[in-house]
Amino acid sequence: MRHFFKWLVSCSLLLAVSVPSYALRCGNRLISDGDSIGKVLKRCGQPTEQDSFQVELILKQGDVLAETRFIDVTYFVYAQSSNQFVRVLRFEDDDLVSIESKDYGGKSSDSALCKDLSSVVSVGDVMPYIRYRCGPPSREKRVGRRVKRIAGSSQVGQFKDQDVFEWHYYFSRDDEKAVLQFVNGRLRTLYREEIEDDD
C-alpha cells in the first residue's frame, strides 16, 4: 500500500508538470517559451490567423537611455477545435515569448456576432485574434504613428514611436459603425460612431 501511495504521488507530480499553462500541445508534441517560429510551424502547422509588426524597444539604465532598437513581433492564433481553447502566441524576433489562452475555438468568424464588440473582444486583444472572431474589417487604415514620451523620462528626445491602425466594421441596416484603434497590433480603444462619408 505504501508503494502504491508513492507511485500515485509520483504520477500526480508528473502530470502536473507535463503540460505547463504556458505550453501548447499540437498532437503529441509540445510547444513552449523559447521555441522558434519554424519549430512551431513544423509541429503545429499554419496558424488560423497571423500578423507581424515592428516595435521599437527602449532599453534604459535607471533614467538614462542605454539603447534603442527595433524588434519584429509576430502573433499566431491557433483555433484547433471546438473543445480546445484558442491560443495566441507572441514571438519576438524568432523566439516564442508568451502563449495566451482565449475562448474555445473551432468557430468560423462572423461579423454579426461582433455587432456588440465589447461582449466579444477586449482592450489588449491583438489584431489576428479579432480577425478570427469578427472576420476582416470592412475598412482598414493606417492612421500614422503616435509619439509617446517614455514614463519617468527627463531627457529630451527619449520617445517611442507606435504604429496606429484603425479598423471599421459596418453592419447592415445600421447607421453606426464600430471603430477599433490598435497601437502596435494591440487593441487600445473601441467605440461606435455615426457613419459619414469616409476619406
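Analysis parameters
Residues numbered from 1 in each chain as written. Predicted model: local features only at pLDDT ≥ 70, side-chain atom pairs only at ≥ 80, totals over all residues. Heavy atoms only, no water. Helix = DSSP H or I, 4+ residues; strand = E, 2+ residues; numbered from the N terminus. Contact = heavy atoms within 4.5 Å. Polar contact = N/O pair within 3.5 Å; in protein donor to acceptor, adjacent residues only side chain to side chain. Core = buried A, V, L, I, M, F, W, Y, C linked by side-chain atoms within 4.5 Å. Buried < 20%, exposed > 50% of the residue type's maximum accessible area, 1.4 Å probe, protein only.

**Student:** Please clarify how the environment of Asp103 should be interpreted in this entry.
**Tutor:** You can see Asp103 is positioned in strand 6 (residues 95–104). In the structure, Asp103 is positioned 30 residues away from Arg133 in sequence and 10.0 Å away in space, judged by C-alpha atoms. The residues contacting Asp103, other than those within four sequence positions of it, are Gln84, Phe85, Val86, Tyr129 and Arg133. Among the polar contacts listed, one links the side chain of Asp103 to the side chain of Tyr129, at a separation of 3.1 Å.

**Student:** In this structure, what is going on with the nonpolar core? I would like to understand it.
**Tutor:** Nonpolar side chains in soluble globular proteins generally cluster together in the buried interior. With 27 residues, the main nonpolar core has Ile130, Cys134, Tyr169, Leu180 and Phe182 as its most contacted residues. If you list the elements that add at least two residues to this core, you get strand 3 (49–61), strand 4 (64–78), strand 5 (85–92), helix 3 (127–134), strand 8 (159–170) and strand 9 (176–183). Of the residues forming this core, the biggest block, 5 residues, is contributed by helix 3. If sequence neighbours within four positions are ignored, Tyr169 has contacts with Ile130, Cys134, Gly135, Pro136, Pro137, Ser138, Lys177, Ala178 and Leu180. Listed in part, the 12 residues of the second largest apolar core include Cys26, Ile31, Cys44 and Phe76.

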